[in-house]
Amino acid sequence: MTGNGTGDTEALREEIRRTRVELGETMEALAAKADVKARLKESAEQARERVREQAAQTVARVRGQAARGAEMARAQANDKGGLVREKSELVRRNPVPWAAIAAGAVATVVVLMIVRGRRR
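Rules behind the numbers
Residues numbered from 1 in each chain as written. Predicted model: local features only at pLDDT ≥ 70, side-chain atom pairs only at ≥ 80, totals over all residues. Heavy atoms only, no water. Helix = DSSP H or I, 4+ residues; strand = E, 2+ residues; numbered from the N terminus. Rg over C-alpha atoms; globule rule 2.2 N^0.38 Å. Buried < 20%, exposed > 50% of the residue type's maximum accessible area, 1.4 Å probe, protein only. Areas by Shrake-Rupley, 256 points an atom, 1.4 Å probe, with all protein chains shown as cover. Salt bridge = Lys/Arg side-chain N within 4 Å of Asp/Glu carboxyl O.

Student: Talk me through the overall build of the protein chain; I want residue IDs and the actual numbers.
Tutor: When you go through the protein chain residue by residue, the secondary structure sums to three helices and zero strands. Over its C-alpha trace the protein chain gives a radius of gyration of 43 Å, far above what one expects of a compact globule, namely 14 Å for 120 residues. Along the longest, intermediate and shortest principal axes, the C-alpha atoms of the protein chain span 130 × 45 × 15 Å. Taking all 120 residues of the protein chain together, the buried fraction comes to 1%. When the accessible surface of the protein chain is summed, it comes to about 10,900 Å², and 60% of that surface belongs to carbon and sulfur atoms.

As C-alpha cells, this is what we get:
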C-alpha cells in the first residue's frame, strides 16, 4: 500500500468496473428471461428442429426397411421362379399325370354343377 492512498482508489475503481460488468450481464440475462416472445420463438425453433431430426431418422429407418423388404422379395421371387421352372419342366417331360389331374378337376366341377342344379 502506498502512502498517498492511490492503491486503494485504483482497487476500488477496478472493483466498481467488475461490479458494473457483472451487473450488465445480470441485466442482460434478466431482460432475456423477461422477453417472453423471444423465448417462445426460441422454444418453437428448438421443437421444429427436434421434429425435423425425428422425421429424418424415421425416413432413413423406413427406407432401410423398404430396401431390406425389397431384397427379401427379390430373393423369394428368385426362389419361387426356380420352383416354377422346375415344375414346368416336369410337366413338359411328363404331361399325362397333369392331364389326368386336370380331367379329374373338370369332372368334379361338372358333377357339382349337376348336383346343385337338381337341388333348385
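Once the structure has been displayed, the description carries forward.
Student: Requested: an account of the environment of Ser88, with residues and values cited.
Tutor: Tracing the chain through its elements places Ser88 in helix α2 (residues 36-93). Placed 17 residues apart in sequence, Ser88 and Glu71 show a C-alpha to C-alpha distance of 25 Å.

Student: Give me the pattern of salt bridges: which residues, what numbers.
Tutor: Taken as a whole and assessed by the stated rule, the structure comprises seven salt bridges. In this structure, Arg18 and Glu14 form a salt bridge, with 3.8 Å as the shortest nitrogen-oxygen distance. Residue Arg18 and its partner Glu14 are located together in helix α1 (residues 6-34), separated by four residues, close to a single helical turn. Since its relative accessible area comes to 41%, Arg18 is described here as partly exposed. A salt bridge links Glu45 to Arg48; the shortest N-O distance between them is 3.0 Å. You can see Glu45 and its partner Arg48 sitting in helix α2, three residues apart, about one turn around the helix. We classify Arg48 as partly exposed; its relative accessible area is 41%. One network of salt bridges, with partners in common, ties together Glu45, Arg48, Glu49 and Arg52.

Student: Break down the environment of Ala55 for me, with residues and values.
Tutor: Note on placement: Ala55 falls in helix α2. Residue classification places Ala55 among the partly exposed positions, given a relative accessible area of 39%. C-alpha separation for the pair Ala55 and Met72, spaced 17 residues apart in sequence, amounts to 25 Å.

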